[in-house]
Amino acid sequence: MTEKKRIVVKIGSSSLTSRNGEISLRKLVRLVDEIALILDEGHELVLVSSGAVAAGYRKLGFVERPDKLAEKQAAASIGQCLLMEAYSERFGSHGYVASQILITRSDFLDQKRYMNARNTIQVLLERGAVPIVNENDTITIKQLKFGDNDTLSAKVAGLVEADQLIILSDIDGLYDDNPRTNPDAKLLEIVHEITPEIEAAAGDSDSDVGTGGMGSKIEAVKISLAAGIETFIGDAIKPNILFDAVNHKAKGTYFKPNADQEDLDVRQHWIAFNSGTKGEVIIDDGARVAITEEQSHLLPQGVREVKGTFDCGDVVIIRHLNGDEVGRGVINYSADQLREIKRLKLRDIPDHIKVTKSEAISQDDFVCHTNITAPH
């Protein structure tokens, strides 16, 4: 038996649907049976599954998958029940209990709800259940969508501090060119860093071109690698793909963090990728050296300019005077307080704007720009 792992598996709609766009029970059963083998080995597993719209649209009388938002959301409200029923029944046949967790991006933006989600999943895993996560497509508006479940799976992997993220696709992995148009394209079996060349080969996240629509998956890999999480991308149709991926025997691409990189913990991961920033503070040379090289706090005296509106406890972008991003952090002052401090000597700060912490941003609440490798 391999060392016990905490694994997040992402299954996309294409890996669960038939040619006519409906949920394929045959595909679902095969993937659940593979997951059961992983669970039987003692691993913990969180499943991020698409497919709610595909499972529900025909029940509403649509011949084809609908395009309008309200119609897709209505289909998802039916399909999510059908999808969970199928998952629950098949996992139950193996002696495992499936649970449903529906998440919106706003749940990740709020740190309390973010930690509540983490705590809930933790209890489920400790009790041997299989959390099945999906975006709450029934109510989520466009502005608060994750964009795709590749991104959601990477953020869930960071949330639960997973050891491995497995993203199933309809292609073997990452190639140096698009294998659908270039028969000489070569599979990249191990990748340690997402370079500009890799991003160019993958294509845009919203594009059908590139390495088999790999753009969104590469963005997800950036997020998982920042948390030190090994990630695998492989073809869902391959027999035993999940079991083999866990045991490093599958054909595909393994993305492995560099051994010397500093991994982000749960709070840092939230600051870097989930919090949503509220404003900016511009700092001088001394402050940049202190917070990035000397591992010191950012003091109010190092702040040269305050941009935007934010409150104590918000996450702000920290920039150097030249415009470069230094990092992000949780601010201990409001924007108005910092602006007033800038006009006063520290000893003259009135009581009504003094806070319990003298630093503007604590080192513990700071994430350097080198660890912020993907957009929110």
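Along each chain, residues carry numbers from 1 onward, in the same order as the chain's sequence is written. Note on the predicted model: pLDDT of at least 70 is required for a residue's local features to be given, and 80 or more for side-chain atom pairs to be given and counted; whole-chain, interface and lining totals, by contrast, use all residues. Based on all heavy atoms of the structure, the side-chain values leave hydrogens and waters out of the count.

- Under an unreviewed UniProt entry, the name given to the protein is Glutamate 5-kinase, and the organism recorded is Halalkalibacter kiskunsagensis.
- UniProt positions are given in the numbering used here, feature names are shortened, and annotations may be inferred rather than shown by experiment. Taken verbatim from the UniProt record of the protein, the Pathway (unreviewed entry) comment is "Amino-acid biosynthesis; L-proline biosynthesis; L-glutamate 5-semialdehyde from L-glutamate: step 1/2."
- Of the protein, the UniProt comment under Subcellular location (unreviewed entry) reads exactly: "Cytoplasm".

Remarks on the overall build of the protein
Moving on, step 1. Numbering of helices and strands starts at the N terminus; helices are DSSP runs of H or I of at least 4 residues and strands are runs of E of at least 2. The secondary structure content of the protein amounts to 12 helices and 13 strands.
Moving on, step 2. The criterion used for residue contact is that any of the two residues' heavy atoms lie within 4.5 Å. Of the contacts formed within the protein by residues at least 6 apart in sequence, a portion of 71% connects residues at least 24 apart.
Moving on, step 3. Accessibility throughout is a Shrake-Rupley quantity obtained with a 1.4 Å probe, and a residue counts as covered only by protein chains that appear here. When the accessible surface of the protein is summed, it comes to about 17500 Å², and 48% of that surface belongs to carbon and sulfur atoms.

Here we look at the environment of I121
Moving on, step 1. By secondary structure assignment, the location of I121 is in helix 5 (residues 111-126).
Moving on, step 2. Per-residue accessibility, obtained with a 1.4 Å probe over protein chains only, is compared with the maximum for each type, and a residue is labelled buried under 20%, exposed over 50%, and partly exposed between these values. The exposure class assigned to I121 is buried, which follows from its relative accessible area of 0%.
Moving on, step 3. Once residues within four sequence positions are removed from consideration, I121 is found in contact with V46, I101, P131, L159 and V160.

Observations concerning the nonpolar core
Moving on, step 1. By size, the foremost hydrophobic cluster in this structure holds 50 residues, and its most contacted members are V8, V133, V156, L174, I194, I218 and F255.
Moving on, step 2. Taken together, the elements giving at least two residues each to this core come down to strand 2 (44-49), strand 3 (98-103), helix 5, helix 6 (149-159), strand 5 (164-169), helix 7 (196-202), helix 8 (215-226) and helix 10 (266-273).
Moving on, step 3. If you tally residues by element for this core, the top one is helix 8, at 6 residues.
Moving on, step 4. If near-sequence neighbours (up to four positions away) are discounted, V156 is found in contact with V8, V46, V48, F108 and V133.
Moving on, step 5. Put simply, a nonpolar core is a bunch of buried Ala, Val, Leu, Ile, Met, Phe, Trp, Tyr and Cys residues held in one set by side-chain atoms that sit within 4.5 Å of each other. The next biggest cluster of nonpolar side chains, apart from the first, holds 32 residues, and it includes V32, I35, I38 and Y254.

Re the UniProt feature "binding site: substrate" (unreviewed entry) in the protein
Moving on, step 1. The residues that UniProt annotates with the feature "binding site: substrate" (unreviewed entry) are S50, D137 and N149.
Moving on, step 2. With respect to the helices, strands and loops of the structure, N149 is situated in helix 6.
Moving on, step 3. Take N149: its relative accessible area is 9%, and that puts it in the buried class.
Moving on, step 4. Here N149 is in contact with K10, V48, S49, S50, N134 and E135, once residues within four sequence places are set aside.
Moving on, step 5. A distance of 2.8 Å separates the side chain of N149 from the side chain of S50, its partner in a polar contact. In protein, a polar contact requires one atom able to donate a hydrogen and another able to accept it; more generally it is a pair of N or O atoms within 3.5 Å, and residues adjacent in sequence count only if both atoms are side-chain atoms.

Structural notes on the side chain of R328
Moving on, step 1. Residue placement: R328 occurs in strand 12 (residues 325-330).
Moving on, step 2. Owing to a relative accessible area of 11%, R328 belongs among the buried residues under this scheme.
Moving on, step 3. A distance of 3.4 Å separates a polar side-chain atom of R328 from the backbone oxygen of A272.

Quick look at the side chain of N247
Moving on, step 1. Within the secondary structure, N247 is located in the loop between helix 9 (241-246) and strand 8 (253-255).
Moving on, step 2. For N247, the side chain forms a polar contact with the main-chain oxygen of F243, separated by 2.8 Å.

Comments concerning the sheet that holds strand 13 (residues 366-368)
Moving on, step 1. What makes two strands pair is DSSP finding at least two bridges between them. A sheet is described by the order of its strands in space; here 5 strands give the open sequence 10-9-11-12-13, paired in mixed fashion. Where the open sheet ends on each side, the last strands, each with one partner, are strand 10 (303-308) and strand 13. Ignoring which end each strand starts from, the neighbouring axes of this sheet average 25° apart.
Moving on, step 2. Bridge count for strand 12 against strand 13 is 3 bridges, and the pairing is antiparallel. Bridging from a neighbouring strand, G327 pairs with C368 of strand 13. All axes are obtained by fitting lines to C-alpha atoms, using only the stretch in contact for helices, and the reported angles, taken between N-to-C directions, cover 0 to 180 degrees.

Considering the sheet that holds strand 7 (residues 230-235)
Moving on, step 1. Ordered by their spatial adjacency, 8 strands build an open sheet running 3-4-2-1-5-7-8-6, and the pairing between neighbours is mixed. Both outer strands of the open sheet, strand 3 and strand 6 (190-191), are each paired with one neighbouring strand and no more.
Moving on, step 2. The sheet contact formed by strand 3 and strand 4 (residues 130-135) spans 6 bridges and is parallel. Note that in strand 4 the partner of S99 across the bridge is P131.
Moving on, step 3. Here helix 1 (residues 25-40) sits on the sheet in contact with strand 1 (6-11), strand 2, strand 4 and strand 5, set at roughly 160° to strand 2.

Focus: the pattern of salt bridges
Moving on, step 1. Throughout this description, the term salt bridge denotes a Lys or Arg side-chain nitrogen within 4 Å of a carboxyl oxygen of Asp or Glu. If you walk through the whole model with that rule in mind, you get 19 salt bridges.
Moving on, step 2. Note that D336 and R339 form a salt bridge whose closest N and O atoms lie 3.6 Å from each other. A residue pair is termed a helical-turn pair when its members lie 3 or 4 positions apart in one helix, as D336 and R339 do in helix 12 (residues 335-342) at 3 residues.
Moving on, step 3. The exposure class assigned to R339 is partly exposed, which follows from its relative accessible area of 32%.
Moving on, step 4. Among the charged side chains, a network of salt bridges with common partners joins K10, D150 and K217.

Notes on the packing of aromatic side chains
Moving on, step 1. Ring geometry is summarised as follows: Phe, Tyr and Trp rings, the Trp one being its six-membered ring, pair when their centres sit within 6.5 Å, and such pairs are stacked at plane angles under 30 degrees, edge-to-face over 60 and tilted between the two. One pass over the structure, following the stated rule, counts 3 aromatic pairs.
Moving on, step 2. Taking the centre distance of 4.6 Å and the plane angle of 50° together, the rings of F232 and Y254 count as tilted. Here Y254 lies in strand 8 and F232 lies in strand 7, a separation of 22 residues in the sequence. No difference in accessibility class separates F232 from Y254, as the two residues are buried.

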